[in-house]
Each structure stands twice: as structure tokens, then as C-alpha cells.
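In case you want the letters, here they are:
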Amino acid sequence: MEDLLWPGPQPPLSHFGVTLLRHVVVSGLRYCCYHLGLPLPESPPTRIERLRLALDGAALSRLLGETAEGRAVRGALLAPDGAAGDGERAPAGAAFFHRQRLRWARRRPPVRLAAPPAAAPVALEHHFRKQLSRALPGLADALLDEILSALERRRRRRRGAALEPCLGAQAAAWTAGRRARLECLGAPDPFTASWAVEEPGVLEPAAPATPRGAKRSAGGRGRFRELYRGVLDGLRPTLIGLGGGACGQGVLGHPDDLFFLPFELLGDLTGEDKPGWVEAAVARNRGEYFGLLREAPPATRAAWAAAPLRPLS
């Protein structure tokens, strides 16, 4: 999803990672539309291309194009770097209320996710879903904050303001040489680790990608991608344990095979019998993921490494 949340070149995600991200983003969009008085999407207005999530502009037009408020939100989602267009009008009353509420929400610490128990795969799956459910309200609020901040910036551009690029709080701290919560920086994929556990050298290619003009936004821009990465760090140990347990029971051939199956099929890995389709699906999906990594030139891989510090409009 390059539009509002992850601009520029982004690495491919594992099949579990991209389908989990779709679930979180679509859940968040439904939450945002409800609170802004807009139609709720009946089907996901997203698409997956080369293992990256993107918003579906045509689907959003069908969903949000009938009212001026809906067109404004569609513009914020698809073109946050643009000015507000003719025929757009940001949701006034609801937007004002949530802007005030979210100013305080930014100060609250993120939800702490409990460590996984030493248990069978079925218990670990239950633990994973419980912890994900605990995290979803905060992620939905962060997405709403992103949308409202983008709406405000588009309005200011239409009035002639020249706005600098912005970063989330942790990206801004890291680029300024201050202490940052590195678990909030990294690819939006539980298959890969955040910067909190990466080797220090991995961080070096990211520094030149951030222009001097980029700074932390006064609004909520950058909140979702940083909060989501932090949530993934909390969920990752449970998924690793679940994959190991499924491997021990003979359902998977390798503990990290879990990451090459869709999020929606997680429950199929908790039984004692191996589904007949698992082996072929994992092999096919591994080939797709690692094929995309192999075909990327060094410059592209460097841009992927720098993606968590890429400025937002």
C-alpha cells in the first residue's frame, strides 16, 4: 500500500505478512469510514501486487465517490501529497471531534502484548488472535489519525502552503541521532525482524535516503507504520512458536513455513494431521517470495532497507 502509509519502493512481504496487513488495513478502513459517517466497504478495496499491498483506486471511487466528504477521504488515501480537489469537502464535525481525541491518544503508550505461553499450536493460535484483537483498536485509531492529518495537509496546500515532508516520531528521532524505539522501524512483515534485533550495519544504507527537510509532523503522519511494526514485534514470538509446534507435529516441514501461507489459513496448521495442500503451497509461495528478492538489483534492495525512514507527504 504505497499511497498513504508506505510511499516509494517497498520490499515484498511474505504471504502471511501481506494477508495479515490486508486484514488490519481493511479493518481499519471500516473503522474510519464508520466514524466519519461514510459507507463501509463490503469487500476489501485493496489489491496485492508482487507481494505488496496497494489501495484499489477504482474500488474506493465506487465506495466513496458519491459525496464530497467521501471524495475528500479518497483523495487523502490515494494522493496525500496533493491539494484538496474541487468537489471535495472534509468531514467537518466528525473530523474535528476525532482530531481532538487523537491528540491525546498519541500520548498513550502502545498496548503491551503478552509473551506467548509454552503450549500446543492450537493454544498459540488462540493467543495470537487474542493479542491481535487487543492491538486492532489502536491501529485503527492510528489509521484514522493518518487520514485526518493527510486531509489537513491537503487543505493547507490548496491554500498555498508549502509543506515540508514529515516522519513518524521514531523515524524522526533516529535520523536526528536521538534514542528511538527501533522495534517500531522495519518492514511491515512478521517474517522479518525489526531494527531492534537487526545487525547495526543493516541500518547504514537508510541514512542517505532521508532529506534534510524531513521532520516530524505536527499531526499523525507516520503513526500507523511505526505502531504496526511494533505490534508485529509483539506477535512475532507467538508465530515463531506456532510454526515450530506445527513442524514438530509434522504439519509443516520447517518452522518458518508458516509465513508462506495466508493469514486466513492459520487455523489449518493447529491440527495433528497435515493438510494435503500445504507442501505444494509453501513451495510455490517460497519460490515467489525469494524470486522477487533475487531479481531486485542492489540499488532497489538499498531503497527497501531505507523504506522505514522514507518521508511522508
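A quick note: this is a predicted structure, and the numbers were derived from the prediction, not measured.

1. As for the overall build of the protein
The helix and strand tally for the protein stands at nine helices and four strands. Across the protein, helices and strands are ordered from the amino to the carboxyl terminus as α-β-β-α-α-α-α-β-α-β-α-α-α. Taken over the C-alpha trace, the protein has a radius of gyration of 20 Å; the compact-globule value for 313 residues is 20 Å, and the two agree within 12%. Along the first, second and third principal axes, the C-alpha set of the protein runs to 60 × 45 × 35 Å. Scored against the burial criterion, the 313 residues of the protein give a buried share of 48%. The contacts of the protein with a sequence gap of at least 6 include a subset with a gap of at least 24, amounting to 72%. For the protein, the exposed surface amounts to about 14400 Å²; the carbon and sulfur share of it is 54%. The distance from the centre of the 43 positive side-chain charges to the centre of the 32 negative ones in the protein is 9 Å.

2. Notes on the environment of Gly160
Residue position: Gly160 is located in the loop between α5 (121-158) and β3 (166-167). With a relative accessible area of 61%, Gly160 lands in the exposed category. A sequence separation of 137 residues divides Gly160 from Pro297, and the C-alpha atoms of the two residues are 39 Å apart.

3. A few points about the pairing of strand β1 (residues 46-49)
Pairing between β1 and strand β2 (residues 52-55): four bridges, direction antiparallel. Its bridge partner lying in β2, Arg47 is registered against Ala54. Here β1 folds back onto β2, and the loop between the two strands holds two residues, one of which, Arg50, carries a positive phi near 50 degrees.

4. Quick word on the layout of surface pockets
The volume enclosed by the second largest pocket comes to roughly 500 Å³. If you trace the second largest pocket, you find 26 residues lining it, with Pro11, Ala187, Thr192, Trp304 and Ala305 closest to the centre. Mapped by element, the contributors of at least two residues to the lining of the second largest pocket are α7 (223-248), α8 (278-295) and α9 (298-306). Of the residues assigned to the lining of the second largest pocket, the class counts are 18 nonpolar, three polar and five charged.

5. Description of unusual backbone geometry
Within the chain, Arg50 stands out as a residue other than glycine whose phi angle is a positive 50 degrees. With respect to the helices and strands, the residue Arg50 is situated in the loop between β1 and β2. Residue Arg50 is classed as partly exposed on the basis of its relative accessible area of 47%. Residue Leu51 is not a glycine yet carries a positive backbone phi of 60 degrees. Mapping Leu51 onto the fold places it in the loop between β1 and β2.

6. Remarks on the pattern of salt bridges
Tallied over the entire structure, the rule returns 15 salt bridges. In this structure, Asp145 and Arg223 form a salt bridge, with 2.9 Å as the shortest nitrogen-oxygen distance. Placement of Asp145 in helix α5 and of Arg223 in helix α7 is noted, with a sequence separation of 78 residues between them. Each of the two residues, Asp145 as well as Arg223, counts as buried. Linking Arg286 and Asp256 is a salt bridge whose minimum nitrogen-to-oxygen distance equals 2.1 Å. Note that Arg286 is positioned in helix α8 and Asp256 in the loop between α7 and α8, a separation of 30 residues in sequence. For Arg286, a relative accessible area of 22% puts it in the partly exposed group. One continuous salt-bridge network, built from bridges that share partners, spans Asp256, Asp257 and Arg286.

7. Considering the packing of aromatic side chains
Under the criterion given, the structure shown has 13 aromatic pairs. Here the aromatic rings of Phe191 and Tyr289 are separated by 5.6 Å at their centres, their planes lie at 80 degrees, and the arrangement is edge-to-face. Here Phe191 is found in the loop between α6 (169-175) and β4 (215-216), whereas its partner Tyr289 is found in helix α8, with 98 residues between them in sequence. Take Tyr289: its relative accessible area is 4%, and that puts it in the buried class. What links up through ring pairs into an aromatic cluster is the set Phe16, Phe128, Phe191, Phe259, Phe260, Phe263, Tyr289 and Phe290.

Conventions adopted
Numbering of residues starts from 1 in each chain and follows the order in which that chain's sequence is written. With the structure being a predicted model, the display of local features is reserved for residues of pLDDT at least 70 and the display and counting of side-chain atom pairs for 80 or more, all residues being used for whole-chain, interface and lining totals. The side-chain numbers reported here are obtained from all heavy atoms of the structure, hydrogens and water having been left aside. Helix and strand assignments come from DSSP, with helices taken as H or I runs of at least 4 residues and strands as E runs of at least 2, each series counted from the N terminus. With C-alpha atoms as the basis for the radius of gyration, the globule rule is written as 2.2 Å multiplied by the number of residues raised to the power 0.38. Each residue gets one of three labels from its accessible area relative to the maximum for its type: buried under 20%, exposed over 50%, partly exposed in between, using a 1.4 Å probe on protein chains only. The contact criterion used throughout is that any non-hydrogen atoms of two residues lie within 4.5 Å. The method behind every accessible area is Shrake-Rupley, applied with a 1.4 Å probe, and residues are considered shielded solely by the protein chains displayed. By the counting rule applied here, Lys and Arg register as positive and Asp and Glu as negative, while His and the ends of each chain are not counted. For charged residues, the charge sits on one atom: NZ in Lys, CZ in Arg, CG in Asp, CD in Glu. When DSSP finds two or more bridges between a pair of strands, those strands are recorded as paired. Grid spacing is 1 Å over the protein atoms alone, the probe is 1.4 Å, and a cavity is where that probe fits but cannot get out, while a pocket is an open set with protein on both sides within 12 Å along at least five of seven lines and lining residues have an atom within 4 Å of a point. Grid points are joined across faces, edges and corners, and a volume is the space filled by probe spheres set on the points. Residues are grouped as follows: Ala, Val, Leu, Ile, Met, Phe, Trp, Tyr, Cys and Pro are nonpolar; Asp, Glu, Lys and Arg are charged; every other residue, Gly included, is polar. Any carboxyl oxygen of Asp or Glu that lies within 4 Å of a side-chain nitrogen of Lys or Arg is treated as forming a salt bridge with it. Pairs were defined over the aromatic rings of Phe, Tyr and Trp, the Trp ring being its six-membered one, requiring ring centres within 6.5 Å. Orientation was assigned from the angle between planes: stacked under 30 degrees, edge-to-face over 60, tilted for the rest.

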